[in-house]
Amino acid sequence: PTRPPTRPPTRPPTRPPTRPPTRPAASASSTERSVLEEEFKWLLKEEVHSVLKQLQDILKEASRRFTLPGGVGEGPTKQENFALGTTSSDQVKGILTLQGDTLCQAEVNLKTLRTNQLLHFAFREDKQWKMQQIQDARNHVNQAIYLLTNRGENYTFQTGAEVLKLMDAVMLQLTRARNRLTTPATMTLPEVATSGLTKMFTPALPPDILLNFYVNVNKLCLLVYQLHALQPNSTKNFRQSGSAVLHNPGAMFELNNQRFEVSHVHKVECVVPWLNDALVFFTVSLQLCQQLKDKISVFSSYWNFRPY
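Residues numbered from 1 in each chain as written. Predicted model: local features only at pLDDT ≥ 70, side-chain atom pairs only at ≥ 80, totals over all residues. Heavy atoms only, no water.

Colleague: Tell me about the nonpolar core, and please be specific about residues and values.
Modeller: Counting residues in hydrophobic clusters, the biggest one holds 67 residues, and the most contacted among them are Phe66, Met167, Phe201, Phe213, Leu222, Phe282 and Ile296. Broken down by element, this core gets its largest block of residues, 12 residues, from helix 5 (residues 273–300). Aside from chain neighbours lying at most four places away, what touches Phe213 is Leu96, Leu103, Ala106, Phe123, Met131, Leu197, Phe201, Cys221 and Leu222. (Core = buried A, V, L, I, M, F, W, Y, C linked by side-chain atoms within 4.5 Å. Buried < 20%, exposed > 50% of the residue type's maximum accessible area, 1.4 Å probe, protein only. Helix = DSSP H or I, 4+ residues; strand = E, 2+ residues; numbered from the N terminus. Contact = heavy atoms within 4.5 Å.)

Structure representation (structure tokens):
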């Protein structure tokens, strides 16, 4: 006598599956394997495009944060004013005017510690400073959008591997965009001293003052270095400082045969709300990509009839 089946055959689903299969295909009946194939085909045809649409919508919102149109339609990017400040001291104060990825105006007031003199600097009218971190982040977002729109609703994914490859490419762009905002570039003090930023102010910066702007997560930061020139006969042991985001007092460097030491450092910053929005969009998008990758990988690992 034949033994009764251990479980009734599985009926094809009448609605999209909500979770991946729980049994390996090797032990599944032919009916179950057929059901798994149909579910996987539905995943490739329907759910993948649903996720891609969500990603496009989210990243277009992120891209809009970087451009900030001035009004209805594609108007010019609006200018925003931010007050620089710190809770520790009032040695440095300032107002920055940001227009998308460009600092179009900066006014800085500095009270020197040695002389207690109040100095005022502002961008020359013909000068603007491009914030490379913001520009790079926006370019990475737009590249991710391009990758997604290249796979329109009418495109048919043939394998899970194809989806995984697309998700990896999108995630790479989003990770680079996020890293550009969260990881400021390191610079040596001679690089800070010879950057184009030093020539943008009126009146001109004195030789014992250095400035540097950068983005850190959702903040626009200004570093002000006050320098002390070391005398040629100085007995102080000279040691050239390396590359860093922020150089502490005591850091030394040489420029044009003159040695300097950092005597004071002031850091002031302001929060840029739309940078925070963009970082949230990056995080949500990366999570969506990873969830889709996980689904594809779990489904694909349940049978070996098709490489994925």
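Back to the write-up after that little detour.
Colleague: Go over the packing of helix 2 (residues 132–149) against helix 3 (residues 160–182), please, and point to the residues and values.
Modeller: At a minimum axis distance of 8 Å, the contact between helix 2 and helix 3 shows a crossing angle of 165°. Compared by their axis directions, helix 2 and helix 3 come out roughly antiparallel. Every pair of crossing elements has a handedness; the one defined by helix 2 and helix 3 is left-handed. Taking contact as the criterion, the partners of Gln132, Gln133, Ile134, Asp136, Ala137, His140, Val141, Gln143, Ala144, Leu147 and Leu148 in helix 2 are, on helix 3, Leu166, Met167, Ala169, Val170, Gln173, Leu174, Arg176, Ala177, Arg180 and Leu181. Here the contact of helix 2 with helix 3 is composed, by residue class, of 13 nonpolar, 5 polar and 3 charged. (Axes fitted to C-alpha atoms, helices over the stretch in contact; angles between N-to-C directions. Parallel < 35°, antiparallel > 145°, perpendicular 65-115°, else oblique. Left-handed = near helix turned anticlockwise from the far one by under 90°. Nonpolar A, V, L, I, M, F, W, Y, C, P; charged D, E, K, R; others polar.)

Colleague: Which residues make up the packing of aromatic side chains, and what values do they have?
Modeller: Summed over all chains, the structure comprises 6 aromatic pairs. Three or more aromatic residues joined by ring pairs form one cluster here, namely Phe121, Phe123, Phe201 and Phe213. Above the ring of Tyr155, the side-chain terminus of Arg151 is found at 4.6 Å from the ring centroid. Its end group placed over the ring of Phe238, Arg259 keeps NZ or CZ at 4.0 Å from the ring centre. (Phe/Tyr/Trp six-rings, centres within 6.5 Å; stacked < 30°, edge-to-face > 60°. Lys NZ or Arg CZ within 6 Å of the ring centre and 35° of its normal.)

Colleague: Describe unusual backbone geometry, naming the residues involved and giving the relevant values.
Modeller: The amide bond that connects Thr202 to the next residue, Pro203, takes the cis arrangement and shows omega of -10°. Mapped onto the elements, Pro203 comes out in the loop between strand 6 (201–202) and strand 7 (209–216). In this structure, Asn256 takes a positive phi of about 50° despite not being glycine. Following the sequence through the fold, Asn256 ends up in the loop between strand 9 (252–255) and strand 10 (258–271). The class for Asn256 is exposed, based on a relative accessible area of 70%. Here Asn257, not a glycine, exhibits a phi torsion of approximately 65°, which is positive. Residue placement: Asn257 occurs in the loop between strand 9 and strand 10. The class for Asn257 is exposed, based on a relative accessible area of 75%.

Colleague: Would you mind going over the pairing of strand 8 (residues 219–230) in detail, with residue names and values included?
Modeller: Judged by how many residues are buried, strand 8 sits mostly within the fold: 9 of 12 residues are covered. Bridge count for strand 7 against strand 8 is 8 bridges, and the pairing is antiparallel. Residue pairing for strand 8: Asn216 is matched across the bridge by Lys219. Linkage of strand 7 to strand 8, two consecutive antiparallel strands, is achieved through a turn of 2 residues, within which Val217 is found at a positive phi near 65°. When strand 8 meets strand 10, the two strands line up antiparallel, connected through 12 bridges. Within the sheet, the bridge partner assigned to Gln226 lies in strand 10 and is His264. (Pairing = 2+ DSSP bridges.)

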